[in-house]
Amino acid sequence: MPTDELADRVSRLRTEVTGQVITRDDADYERARRVFNGNVDRWPAVIVRAADAADVARVIGFGRETGLPLAVRSGGHSTYGVWDDGLVLDLSALSALDIDVAGRTAWAGPGMTAVEFTKATAEHGLALGFGDTGSVGLGGLTVGGGVGYLVRRYGLTIDNLLAADVVTADGELVRADADNHPDLFWAIRGGGGNFGVVTRLQYRLDPVRNVYGGMLVLPATAEVIASFVEAAKAAPDELSTIANVMPSPPMPFVPEQFHGEPVIMAELVYCGDDIEAGKRAVAPFRELITPLADMVKAMPLADIYGPEDPDRRPITFARSLFIDDFDLAAAEQVLDFLGKATAAWPAAQLRVLGGAMARVPVDATAFAHRNREIMVVAAAVYDDVAETPVHWQWATEFTEAMRQGEGGAYANFLYMDGEERVHEAYPEATYRRLADIKRRYDPDNLFRLNANIPPSQ
């Protein structure tokens with residue numbers, strides 16, 4: 001589209017939406033185009049911070065009319081959230097929260113972050129499990145699945161999603177739940193942003209006062225890593241764990257002689273009514289080896305997220321897969337690959353699953369990895385974007401070496417991957433059903449800047 005014509009259309013758009021329209025000439029542009037991942041440095045043509053669902057519908061229409069690539073972002077953690085010379089639909093202002101305390105439900109905007117939601121619901125003794133980073137927006141996190149600190153007790157985030165308001169590719173606002181547009185409701189629970197733009201989400205809340213949790217740092221020998229995974233599998237459903245095996249950063253609470261040495265930086269969260277039971281559940285992990293640091297204690301759930309620098313933009317790459325067995329040989333493989341890494345901070349993340357997540361039927365939602373035991377993530381944080389191909393290769397080789405049968409992938413951890421990798425996030429039957437639903441709700445693939453599932457032919 002000619003520059004003058006686009007400028008005229010943008011001028012009209014400013015009068016047609018309630019929210020803020022930002023272009024390269026505006027003072028807010030530099031901050032508005034930034035996303036969390038320092039790998040991403042793109043220059044959109046237009047950014048619109050929608051104020052309501054009507055704005056969302058108008059921006060979608062603007063995208064169809066102009067042909068600009070349409071990117072959708074909520075918390076800004078997705079690598080797809082901005083696009084060169086594209087149109088960005090920014091949902092960060094859609095952050096209203098309405099809690100029904102008696103009914104233990106809440107309606108939330110997609111731009112609200114996990115930590116904001118968790119703090120607000122905690123005031124009423126209620127909670128919902130999200131991911132492991134507090135600044136992630138609820139919209140993108142939820143539609144990809146949501147594997148977090150309460151996954152074994154209360155399941156995935158999508159297992160607690162009751163309804164969603166969605167603006168489809170034709171600009172229609174629909175309610176998707178078990179009775180209305182059930183196929184769309186099934187698809188947005190794990191199928192990502194392929195089917196429309198979620199403008200509100202209704203969640204079921206669970207009673208949570210405090211948790212017994214925090215960071216436990218252990219020296220990472222192969223025996224300790226394998227034993228940690230075994231203990232996590234044997235733990236009660238109330239205990240969820242995330243073990244990051246990595247060279248120890250120079251943190252003041254870790255003895256200096258262990259800086260740079262392999263450690264397990266584990267986050268443990270026991271979500272139960274009895275803190276003493278939480279201590280008993282954590283005891284096997286403390287007994288594996290003398291901890292280098294032990295910060296596990298009774299705390300509000302929101303405190304597990306920790307503080308974040310809003311200006312921090314780490315350059316990262318990660319690759320995920322699902323496995324079922326983890327033994328001493330697998331632990332040795334983890335240490336071997338960490339030893340080969342050239343990134344400033346490589347890590348192997350091990351999340352033992354099961355519990356409530358596994359009790360949901362495989363075909364109940366578009367997240368179909370219910371029967372897998374462990375999610376493995378090979379991650380690298382590094383200093384120079386030019387290094388990306390090297391770390392991409394390392395993470396790919398790592399996950400291929402760990403593969404057991406159909407490895408799978410977690411949709412929320414896809415990093416600008418191609419069609420083959422997106423296929424891995426969904427078993428064949430799930431993928432075909434998603435493609436059919438895509439054909440009904442977005443036949444022209446308007447929503448394609450994501451872990452894209454093209455419409456079936």
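Residues numbered from 1 in each chain as written. Predicted model: local features only at pLDDT ≥ 70, side-chain atom pairs only at ≥ 80, totals over all residues. Heavy atoms only, no water.

Caption draft 1: Region of interest: the pattern of salt bridges. This model, assessed by the stated rule, comprises 26 salt bridges. In this structure, the salt-bridge partner of Arg372 is Asp324, at a minimum N-O distance of 3.1 Å. Here Asp324 lies in the loop between strand S17 (315-323) and helix H10 (328-340) and Arg372 lies in the loop between strand S18 (345-352) and strand S19 (374-382), a separation of 48 residues in the sequence. (Salt bridge = Lys/Arg side-chain N within 4 Å of Asp/Glu carboxyl O. Helix = DSSP H or I, 4+ residues; strand = E, 2+ residues; numbered from the N terminus.)

Caption draft 2: Structural view of helix H9 (residues 275-286). Over its 12 residues, H9 extends 16 Å from the first C-alpha to the last, a length consistent with the 16 Å expected when each residue adds 1.5 Å. A distance of 2.9 Å separates the backbone nitrogen of Glu276 from a side-chain oxygen at the start of H9, and that oxygen is part of Asp274. (Expected span 1.5 Å × (residues − 1). Polar contact = N/O pair within 3.5 Å; in protein donor to acceptor, adjacent residues only side chain to side chain.)

Caption draft 3: Quick look at the packing of helix H8 (residues 222-234) against H10. Packing of H8 against H10 brings their axes to within 8 Å, and their N-to-C directions diverge by 120°. One way to sum up the angle between H8 and H10 is to call them oblique. Where H8 crosses over H10, the two elements pack in a sense that is right-handed. Along the contact surface, H8 presents Ala222, Glu223, Ile225 and Ala226, while H10 presents Leu328, Ala331, Glu332 and Leu335. (Axes fitted to C-alpha atoms, helices over the stretch in contact; angles between N-to-C directions. Parallel < 35°, antiparallel > 145°, perpendicular 65-115°, else oblique. Left-handed = near helix turned anticlockwise from the far one by under 90°. Contact = heavy atoms within 4.5 Å.)

Caption draft 4: Spotlight on the environment of Phe322. One can find Phe322 in strand S17. Separated by 53 residues in sequence, Phe322 and Met375 have C-alpha atoms that sit 4.5 Å apart. Not counting residues up to four positions away in its chain, the partners in contact with Phe322 are Leu353, Phe367, His369, Arg372, Ile374, Met375, Glu406, Gly407, Gly408, Ala409 and Tyr410.

Caption draft 5: Structural view of the nonpolar core. Val245, Ile264, Phe326 and Trp394 are the most contacted members of the largest nonpolar core, which has 63 residues in total. By residue number, the principal contributor to this core is H8, which donates eight residues. Not counting the four nearest positions on each side in its chain, Val245 is found in contact with Ala220, Ile225, Val263, Ile264, Val334, Leu335, Leu338, Pro346, Ala347, Ala348 and Leu350. Counting residues in each nonpolar core, the second largest holds 55 residues, with Leu161, Leu184, Cys271 and Ile437 among its members. (Core = buried A, V, L, I, M, F, W, Y, C linked by side-chain atoms within 4.5 Å. Buried < 20%, exposed > 50% of the residue type's maximum accessible area, 1.4 Å probe, protein only.)

Caption draft 6: Expanded view of a negative patch on the surface. Residues Glu223, Asp325, Asp327, Glu332 and Glu373 make up a contiguous surface patch of negative charge. Structurally, the position occupied by Asp327 is in the loop between S17 and H10. Taking the relative accessible area as the measure of exposure, Asp327 reaches 45% and is therefore partly exposed. (Patch = residues over 30% accessible without salt bridge, like charges linked within 9 Å, V, L, I, M, F, W, Y side chains within 5 Å. Areas by Shrake-Rupley, 256 points an atom, 1.4 Å probe, with all protein chains shown as cover. Lys, Arg positive; Asp, Glu negative; His and termini not counted. Charge placed at Lys NZ, Arg CZ, Asp CG, Glu CD.)

Caption draft 7: Up close: the side chain of Thr118. With respect to the helices, strands and loops of the structure, Thr118 is situated in helix H4 (residues 114-122). According to the relative accessible area criterion, Thr118 is buried, its value standing at 1%. Engagement of the side chain of Thr118 in a polar contact is seen with the backbone oxygen of Ala114, the distance being 2.7 Å. Filtering out sequence-adjacent residues up to four positions away, Thr118 remains in contact with Phe130, Leu301, Ala302 and Tyr305.

Caption draft 8: Local environment of the sheet that holds strand S3 (residues 70-73). With respect to topology, four strands assemble into an open sheet ordered S1-S2-S4-S3, the strand pairing being mixed. Strands at the two margins of the open sheet, each flanked by one partner only, are strand S1 (20-22) and S3. Looking at each pair of strands side by side, their axes are set apart by 20° on average, direction ignored. Where strand S2 (residues 46-49) lies against strand S4 (residues 87-90), four bridges are found, and the strand directions are parallel. Residue pairing in the sheet places Ile47 in a bridge with Val88 of S4. (Pairing = 2+ DSSP bridges.)

Caption draft 9: Focus on helix H1 (residues 3-16). Here H1 spans 20 Å end to end across 14 residues, near enough to the 20 Å set by a 1.5 Å rise per residue. Leu6, Arg9, Val10 and Leu13 are the residues of H1 that are buried. Here the buried residues of H1 occupy an arc of 105° about the axis, which is enough to place them on one side. Among the exposed residues of H1, those oriented more than 90 degrees off its buried face are Asp4 and Thr15. Close packing links the buried residues of H1 with S1, S2 and helix H3 (53-66). (Arc of directions from axis to C-beta.)

Caption draft 10: Main features of the packing of aromatic side chains. If you walk through the whole model with that rule in mind, you get 13 aromatic pairs. When the ring of Phe117 is compared with that of Phe130, the centres are 5.2 Å apart and the planes differ by 90°; the resulting orientation is edge-to-face. Here Phe117 is found in helix H4, whereas its partner Phe130 is found in the loop between strand S7 (126-127) and helix H5 (138-144), with 13 residues between them in sequence. For Phe130, a relative accessible area of 1% corresponds to the buried category. Judged by centre distance (5.5 Å) and plane angle (70°), the ring pair of Trp394 and Phe398 falls under edge-to-face. Of this pair, Trp394 and Phe398 are both found in helix H11 (residues 388-402), four residues apart, which corresponds to roughly one turn of the helix. Of the two residues examined, Trp394 and Phe398, each falls in the buried class. The structure contains a cluster of three or more aromatic residues connected by ring pairs, namely Phe322, Phe367, Tyr410 and Phe413. The ring of Phe185 is capped by Arg189, whose NZ or CZ atom sits 3.9 Å from the centre of that ring. (Phe/Tyr/Trp six-rings, centres within 6.5 Å; stacked < 30°, edge-to-face > 60°. Lys NZ or Arg CZ within 6 Å of the ring centre and 35° of its normal.)

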